[in-house]
Amino acid sequence: MFSANVRNRTTIVTREFTSRMYLLAMLGLATSSVISDPAIGNPTGNDPSKPLKTHATVDGATALANALYEIYNEELIHVTKMYENRDNPASFSDRQISKSAARLWKARRDAKHLELMSEPAGADLSRKLFLLAHQIDQFGLAYARTPRGSQMMTKLTTKLQRERPRFQKFLQQAATSLQNGGGQNVFTTQMETKGEEKREALVFFRPLEHKKYLLNFEVLLSEGDQRQRKQRRTEYLAKATEKVNTELASAAASAAEMKRISRELVDTGAAALSEGVKGSGVQAFSHVSELWVQASANLTRANAIGWIMTNRNTEQISSKVSELKTEALAALTAIINSVATHTPPDQIPAAYTSLLRQISVLDRRTSGRYQVSESCKPALDLLAKRNSTFPARIESYKRATSEPLRWRSSFASQQAKYLSTQYADAGALLMSKEKVEKSIRPNFNRTLGGETVLAAKNFNEPADWMVYEAANRLVGKTVREGKLIRLSPTSRTAAVPFLNGHYANISVTLPVENALADLRTALLLDDKHQALSSDATEAISSGEMQDYLAVGGTIQQVQLESLVTRFIAFPDLAIALTPLGGLPQPTAGNSPLEQTCWRLDISPNWGHSRYFTVRSQQTPTTGNQTAQTAN
Amino acid sequence: MSHLTNWSSVGASANPSGRNYRLRITPILMVLSICSGCSKEEMNQALEKAKSKTQSITQSAVQAVEEQLPETGMINLNMTPSAVAISAVDLELISIGDGRPNVVQIVTYDPSASTRSYPALLLHGTTEVSSASALAGERVLCDLYYQATNSSPIAMTKPGEAIVVEFQQYKPEDNALTATVGAGALLGSDDRTVQIEGGDFLAVIRGEEK
């Protein structure tokens, strides 16, 4: 019972996230690791050398990418050291130059292979390895002009000429193999071995002289590459198609399961939710919501794989997302109707409030405003009428709470406006330009231009340089973000959904207890009395979940991911990044494969729940200024 | 309760365009036009007579109108930086009937209207008392919400704090309650603090719901 006249508003009431919170539980015990596993990678401002994560649609991509990043890191050390001594080329090691040149030649070819697998890491590696190869070529030519280098060149020329007949024979055999359509992999392996061997020597020769010693090697290699590229592309597209089909099949199975559950409930009042376990309508509501989440994750992944397949029409996935939403909403409505039919009148209020709560959580995770609640409203109204006194009680409750909710909503909006004045919009800030003051660009590429975009929408430079320079200019800045969705009721992390090339991870640290206790008092809530209106349920559910309409905070870290990898390697629990019934949208006009996906890790300073604002203990109020409010 | 002693006149001045009446004083002008040929002394005498007559007419007219008008309520709050007086105050006691306390809601605007009238104020608290008339003598802790104009900052009680409303007297002839409002601090949406030194109100009981 309430003690009406003695209201201890500062008492923190422990809230139940128990049996009614099936949907929330379904969102799991996710943590920030769901969105990013630091062991797996993606470069950050703190650790820019981490490789770009692969989506691994094609087997072997991850191993190949890791091996190539290792080569890059090793060769970067050699190149940097040689560049330091560039004024004294005689100090260079000819063996190191030969070895690096051959290694980089092969690595660049492998990076192209990664690109063929539609791995953004491939383009990043190609960019990086080109820069190193260019430097090695310069070192080779510089060394060749030294006295020791001249002697070496004489010996190398003699060696190349001596090898010429044998090389010609090799090329003839290669041409025959190519003509006869022999084993493509064998051809490529042998050609690459020969290519590395030639590269070891030719790095010391001017490019114009290369042809003299390579004969028709490059023409044959190019022909073989073209053929192999075509074969690989077909193979990889088939692999991607297979993965898309697997995702679509899972989504279809979830949709069919939704229908079965709702049908069983309508017929019998209970439905099998897992093997041997039957559940009530209220439990089925959360189960169907979970199926919707799983199927949406399936479609999100299928859509992202479609981005890397040029022949895939992603509109097909969009229409499947819409269909799924329609099916999910129909199943949820049918479940509420079944609850109305099969629940004894005295249990209607408990079922009603539990469903209201689940609907509220789903609403905030669904595209469009209040789509779930609007769709479920007629069924909920019918459910309420199954208890003759309950509708009048709901009406009284609405009248008793609607005015404080109106005032609190307006107050919170005004405060949020006031609080956000010192906070730049995160999306606009990322697109703004600023001069680069600090960089990790290696010594051979240190020239910094003028002002550049803080977080470019496309990969246009090595990812480690990009993330370092972005983090250097962004970390410590205060920004405001829009809608914030907590990953689960117990998660320490909430996410700002992906929009315009970025998303945010925000730690759930705002001290919300006093505001919540005050809200509960105003809304007449205690352990035995739940909210009876959708507005009041929304107020308390969003407050307890700490799902905010807007949040302001300080950027702690910046991570650079690839857009396609983000949404192909997409765990179900990361669904907070993309609302149910929607799909992440790449920037129009640019290839998704080249697009970046920036993640900001933000420590919150304030949050705007629909009915209150809350600020961190480090963000004090501005103090006891002269009141203008009464004027 | 000092403000409540001269209730009607406060209401009229605070809300000149509201539901209280004002009389136009025209007899003086009529006397002046009739006496256009009189001496100055005669004219002054006529003027005094007319003034006296006008006052008498005015007082009786006001009394007559007041007798016909229903009570609309009034609230006075000593707020910083300036006092606030708002006419038309309604009180509603809402019972939900499922074991929750009843809600006392005191408003200076029509909650069912799409836009509020300003200044706007809401006092919202809970009580175990089941009828509004029985609130006399009760003490209710309330949230207070206040906005001077539709574009000014909103002020409301801080989380965990409340304003004390002490109901004084039930007036059956007006179906109204008088009450005092205790002191307290409100938080402005602009982060400024608004002090209330106290106040009082007369609220008309509206559609009591069981």
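Small disclaimer: the values here were computed from a predicted structure and weren't measured. (Residues numbered from 1 in each chain as written. Chains lettered and ligands numbered in written order. Predicted model: local features only at pLDDT ≥ 70, side-chain atom pairs only at ≥ 80, totals over all residues.)

(A) Region of the structure containing the overall build of chain B. Looking only at helices and strands, chain B has three helices and eleven strands in total. Each helix (α) and strand (β) of chain B, taken in turn from the N terminus, gives the series α-α-α-β-β-β-β-β-β-β-β-β-β-β. When each of the 210 residues of chain B is scored for burial, the buried share is 36%. Excluding contacts between residues fewer than 6 apart, the proportion of contacts in chain B whose partners are at least 24 apart in sequence is 56%. (Helix = DSSP H or I, 4+ residues; strand = E, 2+ residues; numbered from the N terminus. Buried ≥ 20, exposed ≤ 12 C-beta atoms within 10 Å, placed from the backbone. Contact = placed C-beta atoms within 7 Å.)

(B) Geometry of the overall build of chain A. In terms of helices and strands, chain A carries 19 helices and twelve strands. By principal-axis analysis of the C-alpha atoms, chain A measures approximately 105 × 65 × 35 Å. The 631 residues of chain A split such that 48% are buried. Pairs at least 24 apart in sequence give 79% of the contacts found in chain A among residues at least 6 apart.

(C) Layout of the nonpolar core. Val288 and Ile335 of chain A together with Val89 of chain B are the most contacted members of the largest nonpolar core, which totals 210 residues. It is helix H10 (residues 281-308) of chain A that provides the largest number of residues to this core, a total of 15 residues. Ranked by size, the runner-up nonpolar core spans five residues in total, among them Ala174, Met191, Leu220 and Leu221 of chain A. (Core = buried A, V, L, I, M, F, W, Y, C linked by C-beta atoms within 7 Å.)

(D) Up close: the packing of H10 of chain A against helix H12 (residues 348-364) of chain A. Residues and elements named next belong to chain A. It is at 10 Å that the axes of H10 and H12 come closest, and there the two elements cross at 10 degrees. Compared by their axis directions, H10 and H12 come out roughly parallel. When H10 is examined against H12, the residues Val282, Phe285, Ser286 and Ser289 are found in contact with a partner set consisting of Ala351, Ser354, Leu355, Gln358 and Leu362. Partitioned by chemical class, the residues of the contact of H10 with H12 number five nonpolar, four polar and no charged. (Axes fitted to C-alpha atoms, helices over the stretch in contact; angles between N-to-C directions. Parallel < 35°, antiparallel > 145°, perpendicular 65-115°, else oblique. Nonpolar A, V, L, I, M, F, W, Y, C, P; charged D, E, K, R; others polar.)

(E) Expanded view of the domain arrangement of chain A. Looking at the assigned domains, one finds that chain A contains domain 1 (32-44 + 413-615), domain 2 (61-215) and domain 3 (247-392). Here the C-alpha centroids of domain 2 of chain A and domain 3 of chain A sit 59 Å apart. (Domains from an automatic or database assignment.)

(F) Spatial organisation of the pairing of strand S6 (residues 139-147) of chain B. All names here are of chain B. Counting buried residues in S6 gives eight out of nine residues, a clear majority hidden from the surface. As paired strands, strand S5 (residues 120-127) and S6 are joined by six bridges and run antiparallel to one another. Paired with Leu123 across the two strands is Leu144, which belongs to S6. With four bridges connecting them, S6 and strand S8 (residues 163-171) associate as antiparallel partners. Residue pairing for S8: Cys142 is matched across the bridge by Ile163. Here S6 pairs with strand S7 (residues 154-157) via three bridges, running antiparallel. (Pairing = 2+ DSSP bridges.)

(G) Examining the environment of Ser82 of chain B more closely. By the element assignment, Ser82 of chain B lies in the loop between strand S1 (74-79) and strand S2 (84-87). C-alpha of Ser82 of chain B to C-alpha of Ile196 of chain B: the two residues are 114 residues apart in sequence and 9.8 Å apart in space.

(H) Region of interest: unusual backbone geometry. Residue and element names in this part refer to chain B. Residue Pro119 is reached from Tyr118 by a cis peptide bond, and omega for that bond is -5 degrees. Along the polypeptide, Pro119 turns up in the loop between strand S4 (102-107) and S5. Residue Ala88 is not a glycine yet carries a positive backbone phi of 70 degrees. Locating Ala88 in the fold gives a position in the loop between S2 and strand S3 (90-94).

(I) Broad picture of the pairing of strand S12 (residues 612-615) of chain A. All names here are of chain A. Here strand S11 (residues 596-609) pairs with S12 via four bridges, running antiparallel. Bridge pairing in S12 links Trp606 to Arg615. Following S11, the chain reverses through two residues before pairing antiparallel with S12.

(J) Structural detail: the confidence of the model for chain A. All names here are of chain A. On average, residues of chain A score 90 in pLDDT, and 91% of them reach the 70 mark or higher. No element of chain A has a lower mean pLDDT than helix H1 (residues 22-26), at 36, and none a higher one than helix H4 (residues 94-116), at 98. Here residues 1-34 is modelled with pLDDT under 50, and outside its nearest four sequence neighbours on either side it reaches 73 contacts, counting other chains as well. Per-residue pLDDT stays below 50 along residues 626-631; that stretch engages in 29 contacts with residues further than four places along the chain or on separate chains. (pLDDT = per-residue confidence, 0-100.)

(K) Structural detail: the packing of helix H9 (residues 217-268) of chain A against helix H11 (residues 315-342) of chain A. Residue and element names in this part refer to chain A. For the pair H9 and H11, the least separation of the axes is 8 Å and the interaxial angle reads 20 degrees. For the element pair H9 / H11, the angle class is roughly parallel. Where H9 crosses over H11, the handedness of that crossing is left-handed. Counting all contacts with H9, which are made through Ala251, Ala255, Met258, Lys259, Ile261, Ser262, Leu265 and Val266, the residues of H11 involved are Lys320, Leu324, Glu327, Ala328, Ala331, Ala334, Ile335, Asn337 and Ser338. (Left-handed = near helix turned anticlockwise from the far one by under 90°.)

(L) Looking closely at helix H7 (residues 184-202) of chain A. All names here are of chain A. Its 19 residues place the ends of H7 26 Å apart at the C-alpha level, agreeing with the 27 Å of an ideal helix rising 1.5 Å per residue. All of the buried residues along H7 are Phe187, Met191, Gly195, Lys198, Arg199, Glu200, Ala201 and Leu202. Where the residues of H7 are buried, they touch H4, helix H6 (147-179), helix H8 (207-214) and H9. (Expected span 1.5 Å × (residues − 1).)

(M) Expanded view of the environment of Ser507 of chain A. Residues and elements named next belong to chain A. You can see Ser507 is positioned in strand S9 (residues 502-507). Once the C-alpha coordinates of Ser507 and Ala495 are considered, the two residues, twelve residues apart in sequence, prove to be 8.7 Å apart. Among all residues touching Ser507, those that are not within four sequence positions of it are Arg492, Thr493, Ser603 and Pro604.

(N) Structural detail: the confidence of the model for chain B. Residues and elements named next belong to chain B. Across chain B, the average pLDDT comes to 77, with 66% of residues at 70 or higher. Counting contacts from residues 1-38, a segment whose pLDDT is below 50, to residues more than four positions away or on other chains yields 51 contacts. In the predicted complex, the global pTM is 0.85; the interface-specific ipTM is 0.83.

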